[in-house]
Amino acid sequence: LNFPSPLVTLGAQAIDGIAAQIASRLEERGTVAYTHELVAACRGVVEHHFGSGSGARLARVDKCAQMIGHQECMEENEPGKGKRYMNSYLDGLLPIQPFHDVEAHPWLADLA
């Protein structure tokens, strides 16, 4: 696999600068600002690799980071599937089911 490497494309000095900025935000403004800064850094790297505007596709990551930053917990109780507590999730990411039928997903048999 040929995944883009921020270390290769940005360099160690740029990454150190980003890390220092993120850590500074945590110390100055707390967890919510920290998670926001972390997502902004990720968005910057994505735009660097894939072009201007591509970072906008990370909108659902913003929601996930907000849940983490605000220490929110989503509770769900779906009949037949039980009660679940989620402190983070990505909207639209499948599978969203807590349990899966092995017949429908043969690769699950290896995990059972």
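Overview of the structure.

Each value, and the rule that gives it
- Residues numbered from 1 in each chain as written.
- Predicted model: local features only at pLDDT ≥ 70, side-chain atom pairs only at ≥ 80, totals over all residues.
- Heavy atoms only, no water.
- Axes fitted to C-alpha atoms, helices over the stretch in contact; angles between N-to-C directions.
- Helix = DSSP H or I, 4+ residues; strand = E, 2+ residues; numbered from the N terminus.
- Parallel < 35°, antiparallel > 145°, perpendicular 65-115°, else oblique.
- Left-handed = near helix turned anticlockwise from the far one by under 90°.
- Contact = heavy atoms within 4.5 Å.
- Nonpolar A, V, L, I, M, F, W, Y, C, P; charged D, E, K, R; others polar.
- Buried < 20%, exposed > 50% of the residue type's maximum accessible area, 1.4 Å probe, protein only.
- Salt bridge = Lys/Arg side-chain N within 4 Å of Asp/Glu carboxyl O.

A word on the packing of helix 2 (residues 12-29) against helix 3 (residues 31-50). The contact between helix 2 and helix 3 brings their axes to 7 Å, and the two run at 160°. Looking at the two axes, helix 2 sits roughly antiparallel to helix 3. Two packed elements cross with a definite hand, and for helix 2 against helix 3 that hand is right-handed. Of the residues in helix 3, those in contact with Ile-18, Gln-21, Ile-22, Arg-25, Leu-26 and Arg-29 of helix 2 are Thr-31, Ala-33, Tyr-34, Glu-37, Leu-38 and Ala-41. Residue classes in the contact of helix 2 with helix 3 are distributed as seven nonpolar, two polar and three charged.

Let us look at the side chain of Arg-25. As for its placement among the helices and strands, Arg-25 is situated in helix 2. Apart from the residues lying within four places of it in its own chain, the contact partners of Arg-25 are Gly-30, Ala-33, Tyr-34 and Glu-37.

With that settled, the discussion passes to the side chain of Glu-37. Mapped onto the fold, Glu-37 is located in helix 3. Glu-37 gets classed as buried once you look at its relative accessible area, which sits at 13%. Setting aside chain neighbours within four positions, we find Glu-37 in contact with Gln-21, Ile-22 and Arg-25.

Moving on to helix 4 (residues 59-69). Here helix 4 has its buried residues at Cys-64, Ala-65, Met-67 and Gly-69. The secondary structure elements touched by the buried residues of helix 4 are helix 3, strand 1 (74-78) and strand 2 (82-86). Looking at the residues trailing helix 4, positive phi occurs at Gln-71, about 50°.

Moving on, we come to the packing of helix 3 against helix 4. Each pair of packed helices can be described by the angle between their axes along with the distance between the axes. Closest axis-to-axis distance for the helix 3/helix 4 pair is 8 Å, and the angle between their directions is 155°. Looking at the two axes, helix 3 sits roughly antiparallel to helix 4. Seen from above, helix 3 lies across helix 4 with right-handed handedness. Taking contact as the criterion, the partners of Thr-31, Val-32, Thr-35, Val-39 and Arg-43 in helix 3 are, on helix 4, Val-61, Asp-62, Ala-65, Ile-68 and Gly-69. Split by residue class, the contact of helix 3 with helix 4 holds five nonpolar, three polar and two charged.

Before going further, it helps to spend a moment on the pattern of salt bridges. Side chains that carry opposite charge are capable of pairing whenever their charged atoms lie near each other. Taken as a whole, this structure holds five salt bridges when the rule is applied. We note a salt bridge from Arg-25 to Glu-28, for which the minimum N-O separation is 3.7 Å. Here the residue Arg-25 and the residue Glu-28 both occupy positions in helix 2, the gap between them amounting to three residues, near one helical turn. The exposure class of Arg-25 is buried, given its relative accessible area of 15%. The partner of Glu-76 in a salt bridge is Arg-84, and the shortest N-O contact between them spans 2.4 Å.

This part takes up unusual backbone geometry. Of note, the phi angle at Gln-71 is positive, near 50°, even though the residue is not glycine. Within the secondary structure, Gln-71 is located in the loop between helix 4 and strand 1. Given the relative accessible area of 67%, Gln-71 is considered exposed.

That is the geometry; function is a separate question.
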